[in-house]
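Fold and contact review
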Amino acid sequence: MKLTKFHILFLHRSPIEGLPPALNQANICLERGHTVTVLQEYCMKSRAGANLLPSAVKRCYVQPVELARAGFMARVARVLHFLRETRRLLREINPDVVLVSDSEAAAAVGDLPRRLGCVLVWHFHELPERDTNWGTQRWANNYVWRKTSVPHLISFPDLGRAEIFARDAGVPARSIVIVPNCPRLIPSLPKSALREQLR
């Protein structure tokens with residue numbers, strides 16, 4: 001049986017390098033023959049994160065706006081810039097599947113993926129928090145709790161988080177799919193630096 005190959009867009013506000021389960025998902029999709037693009041707000045600066053995805057993964061960045069002042073209005077301006085640029089890039093990339101991993105990215109694209117004919121998946125690794133003090137984060141969290149009919153699928157890595165989200169969003173827990181965070185297989189274990197030091 002021939003498997004269908006998709007162009008999958010992984011969308012994150014923060015760098016994917018800081019979210020190992022999403023890195024594993026992107027790598028596994030690539031290894032299965034899918035085309036993978038990652039869209040995030042900025043690039044991780046550390047060299048340690050630089051080689052965590054192969055060069056076959058296309059990278060797109062929304063460069064944050066440089067603002068003269070800090071504060072709430074600056075955060076709002078940055079969120080609006082992320083929203084506008086993410087939607088523009090989504091139209092350019094035109095993937096088959098959009099996989100969103102945080103509430104800020106979900107709120108940024110809204111229902112645009114559906115209107116473009118993409119399959120939209122919200123796969124949250126962490127729960128949106130009720131008690132956040134950040135106004136823009138609270139806006140994004142409220143969006144995902146209110147708009148559970150927007151994505152084609154909502155998933156969490158475990159039943160506990162899925163049940164809490166379902167309760168907060170007022171949806172049946174059975175409507176949320178459990179997709180565990182699975183590490184990739186390592187064909188050969190790396191050489192242990194510790195073993196050499198203990199000799």
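To keep things clear, this report deals only with the structure shown in the data block. (Residues numbered from 1 in each chain as written. Predicted model: local features only at pLDDT ≥ 70, side-chain atom pairs only at ≥ 80, totals over all residues. Heavy atoms only, no water.)

With that out of the way, let us pick up the pairing of strand 1 (residues 7-11). Across the five residues that make up strand 1, a large majority, five, are buried. With burial as the criterion, each face of strand 1 is covered, one bearing His-7, Leu-9 and Leu-11 and the other bearing Ile-8 and Phe-10. In this structure, strand 1 lies alongside strand 2 (residues 35-40), joined through five bridges in parallel fashion. Across the sheet, residue Phe-10 finds its bridge partner in strand 2, namely Val-38. For the handedness criterion, the β-α-β arrangement of strand 1, helix 1 (residues 20-31) and strand 2 is classed as right-handed. Where strand 1 meets strand 4 (residues 97-100), four bridges bridge the pair, whose relative direction is parallel. Residue pairing across strands places Leu-9 opposite Val-98, the latter belonging to strand 4. (Buried < 20%, exposed > 50% of the residue type's maximum accessible area, 1.4 Å probe, protein only. Helix = DSSP H or I, 4+ residues; strand = E, 2+ residues; numbered from the N terminus. Pairing = 2+ DSSP bridges. Right-handed = clockwise from strand over helix to strand, strands pointing away.)

Once that is clear, we can look at the pairing of strand 5 (residues 119-123). Taking burial as the measure, the five residues of strand 5 include four buried ones, the bulk of the element. Across four bridges, strand 4 lies against strand 5 in parallel orientation. Bridging from a neighbouring strand, Val-100 pairs with Trp-122 of strand 5. Strand direction decides the pairing type here: strand 5 and strand 6 (residues 153-156), joined by three bridges, are parallel. Opposite His-123, over in strand 6, you have Ser-155 as the bridge partner.

The next point concerns the sheet that holds strand 5. With parallel pairing, seven strands are arranged side by side in an open sheet as 3-2-1-4-5-6-7. Each end of this open sheet is capped by a strand with a single partner; those strands are strand 3 (58-61) and strand 7 (177-178). Contacts from helix 1 reach strand 1, strand 2, strand 4 and strand 5, with the element oriented near 170° to strand 1. (Contact = heavy atoms within 4.5 Å. Axes fitted to C-alpha atoms, helices over the stretch in contact; angles between N-to-C directions.)

In this section: the packing of aromatic side chains. Evaluation of the coordinates by the stated rule reveals five aromatic pairs. Judged by centre distance (6.2 Å) and plane angle (55°), the rings of Trp-122 and Tyr-143 are tilted. Taken as a pair, Trp-122 in strand 5 and Tyr-143 in helix 5 (residues 135-146) lie far apart in primary sequence, 21 residues in all. Accessibility classification places Trp-122 together with Tyr-143 in one group, the buried group. An angle of 45° between the planes, with centres 5.2 Å apart, marks the rings of Phe-156 and Phe-165 as tilted. Taking the relative accessible area as the measure of exposure, Phe-156 reaches 0% and is therefore buried. Looking at Phe-165, the relative accessible area reads 0%, which means it is buried. Put simply, the rings of Trp-122, Phe-124, Tyr-143, Phe-156 and Phe-165 pair up and form one aromatic cluster. A cation over a ring is seen here: Arg-13 above Phe-82, with NZ or CZ 5.1 Å from the ring centre. (Phe/Tyr/Trp six-rings, centres within 6.5 Å; stacked < 30°, edge-to-face > 60°. Lys NZ or Arg CZ within 6 Å of the ring centre and 35° of its normal.)

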